[in-house]
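# Per-entry structural report
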Amino acid sequence: MKLVVVGGGSTYTPELIDGFARLRDTLPIGELVLVDPAADRLDLVGGLARRIFAKQGHPGRITVTGELEPAVADADAVLLQLRVGGQAARNEDETWPLECGCVGQETTGAGGLAKALRTVPVVLDIAERVRRANPDAWIVDFTNPVGIVTRALLTHGHKAVGLCNVAIGFQRKFAALLGVAPERIALDHVGLNHLTWERGVRLDGREVLPQLLAEHAERIAADLHLPASLVRRLGVVPSYYLRYFYQHDQVVEELRAEGSRASAVAAIERELLEMYADPALEEKPALLEKRGGAYYSEAAVQLIAALLGGGAAAAGSEQVVNVANAGTLPFLPDDAVIEVPALVDARGAVPLPVAPVEPLYAGLIAHTTAYEALALEAAVLGGRDRVFAALLAHPLVGQLDLAERLTDRLIDHNRAHLAWA
């Protein structure tokens, strides 16, 4: 089995490598290729990756390259983990929206739109090159904003599935609170990427969410930075990203006082790269946990193993992924991309039936889906009017003067990445 990681020079790649090494029985990799144009970072990450495999006795071969087509020509799956513009662009995404009184965040609000505009054209170019070189390869997208990027890939006919670590993070958290193995937990997870709610938690098929909230609401809410009273009142567990909607103005004030997450991550990355340069380092460092993306490697292994359909995975498995709606949520278009449990096998991911979604959640899902459709149109076709329309449609913007100001700032801060600007 051959896998390719595009964006392999990311400081987070050793987390993925560690998962591949530990779970080699589930995903027996013969060759792993890390692709990245940043040769200096790629050499450091690639060296540590080889040492991790060697330390854990993995027989697979790891190579690095800046050339995409030769790497993917005979690959079984291609994993995309890109950050167009790097942490510098992310820092701007998290900063200039605050000047207009809006959340500055890399996947939500105006900053999230900026990231989509930079990212979608690059991802579509990579995907088209993959298709020409190897039309049978699966594309697994972990690049944010995952919902919009996955919709772009599917709309353009690519063999793709989107992946996020929010659901597997909840599964692990709930399992720990209950003192059980994670694989015994299944979630009623519904919504869009970074806009989801856990409406049910099943332990061996038995509903235990009321028990979790009765016994652990304070702890669960603290992790979400939301009031426990809200979690109890809703009777569901919102994702962390719902805080940007439920407490928008409060979050804006906090972000203004705290400084950007990007600046903190950039400092962590510099320290990580220094650590990766140490030839004695043979495992992922503990500092990597502060970089984010917990359980990313486990989610990637599960998804890729099911898509490639080998061994026990041939029968398919239930996993939370980003997939075309195809009638699953009847209030959304079929081509919308939703984040729900799906049956994943060698044919792809097919969403499982979803119980009717309550108006409190369905309204926000529908509103945000409309924004995402306009965001994708702006990313593919360009133009100030399309950017403005997407912002005007966003639930966190929606005001004429505000959308105008945000549009001007978005374009000014991203001209280097927008061919039409």
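Keep in mind that what you see is a predicted model, and the values were worked out from it rather than measured. (Residues numbered from 1 in each chain as written. Predicted model: local features only at pLDDT ≥ 70, side-chain atom pairs only at ≥ 80, totals over all residues. Heavy atoms only, no water.)

Right, let's get into the nonpolar core. The biggest cluster of nonpolar side chains holds 100 residues, and the ones touching the most others in it are Phe-20, Leu-32 and Leu-34. With nine residues, helix 13 (residues 296-308) is the single largest residue contributor to this core. With near-sequence residues (within four places) excluded, Leu-34 lies in contact with Val-5, Gly-8, Thr-13, Ile-17, Leu-42, Val-45, Gly-46, Ala-49, Ile-62, Thr-63, Val-64 and Thr-65. Leu-68, Cys-102, Leu-402 and Leu-406 belong to the second-largest nonpolar core, a separate cluster that totals 49 residues. (Core = buried A, V, L, I, M, F, W, Y, C linked by side-chain atoms within 4.5 Å. Buried < 20%, exposed > 50% of the residue type's maximum accessible area, 1.4 Å probe, protein only. Helix = DSSP H or I, 4+ residues; strand = E, 2+ residues; numbered from the N terminus. Contact = heavy atoms within 4.5 Å.)

Moving on: the pairing of strand 13 (residues 348-351). As defined by bridge partners, strand 12 (residues 337-345) adjoins strand 13 across four bridges and the pair is classed as antiparallel. The residue of strand 13 that forms the bridge with Asp-345 is Gly-348. The hairpin formed by strand 12 and strand 13 contains two residues between the paired strands. (Pairing = 2+ DSSP bridges.)

The next thing to look at is the packing of aromatic side chains. Between two aromatic rings, the relevant description is the distance of the centres plus the angle of the planes. One pass over the full model with this rule turns up seven aromatic pairs. Summarising the aromatic geometry, the rings of Phe-170 and Phe-174 are spaced 5.5 Å apart at their centres and angled 20 degrees between planes, so their arrangement reads as stacked. Of this pair, Phe-170 and Phe-174 both sit in helix 7 (residues 166-178), four residues apart, roughly one helical turn. For Phe-170, a relative accessible area of 4% corresponds to the buried category. Residues Tyr-240 and Tyr-241 carry aromatic rings whose centres are separated by 5.9 Å and whose planes lie at 85 degrees to one another, so their mutual orientation is edge-to-face. Here a set of aromatic residues connected by ring pairs shows up, and it is made of Tyr-12, Phe-142 and Tyr-296. Its guanidinium or amino end placed over the ring of Tyr-295, Arg-172 lies 5.6 Å from that ring's centre, counting from NZ or CZ. (Phe/Tyr/Trp six-rings, centres within 6.5 Å; stacked < 30°, edge-to-face > 60°. Lys NZ or Arg CZ within 6 Å of the ring centre and 35° of its normal.)

Close contact between helix 1 (residues 13-22) and helix 13 brings their axes to 8 Å; oriented N to C, the two are set at 55 degrees. Taken together, the axes of helix 1 and helix 13 lie oblique to each other. Judged by the twist between their axes, the crossing of helix 1 over helix 13 is right-handed. Each of Glu-15, Leu-16, Gly-19, Phe-20 and Arg-22 in helix 1 lies in contact with helix 13, whose residues at this interface are Tyr-296, Ser-297, Glu-298, Ala-300 and Val-301. (Axes fitted to C-alpha atoms, helices over the stretch in contact; angles between N-to-C directions. Parallel < 35°, antiparallel > 145°, perpendicular 65-115°, else oblique. Left-handed = near helix turned anticlockwise from the far one by under 90°.)

Read these as spatial facts, not as claims about activity.
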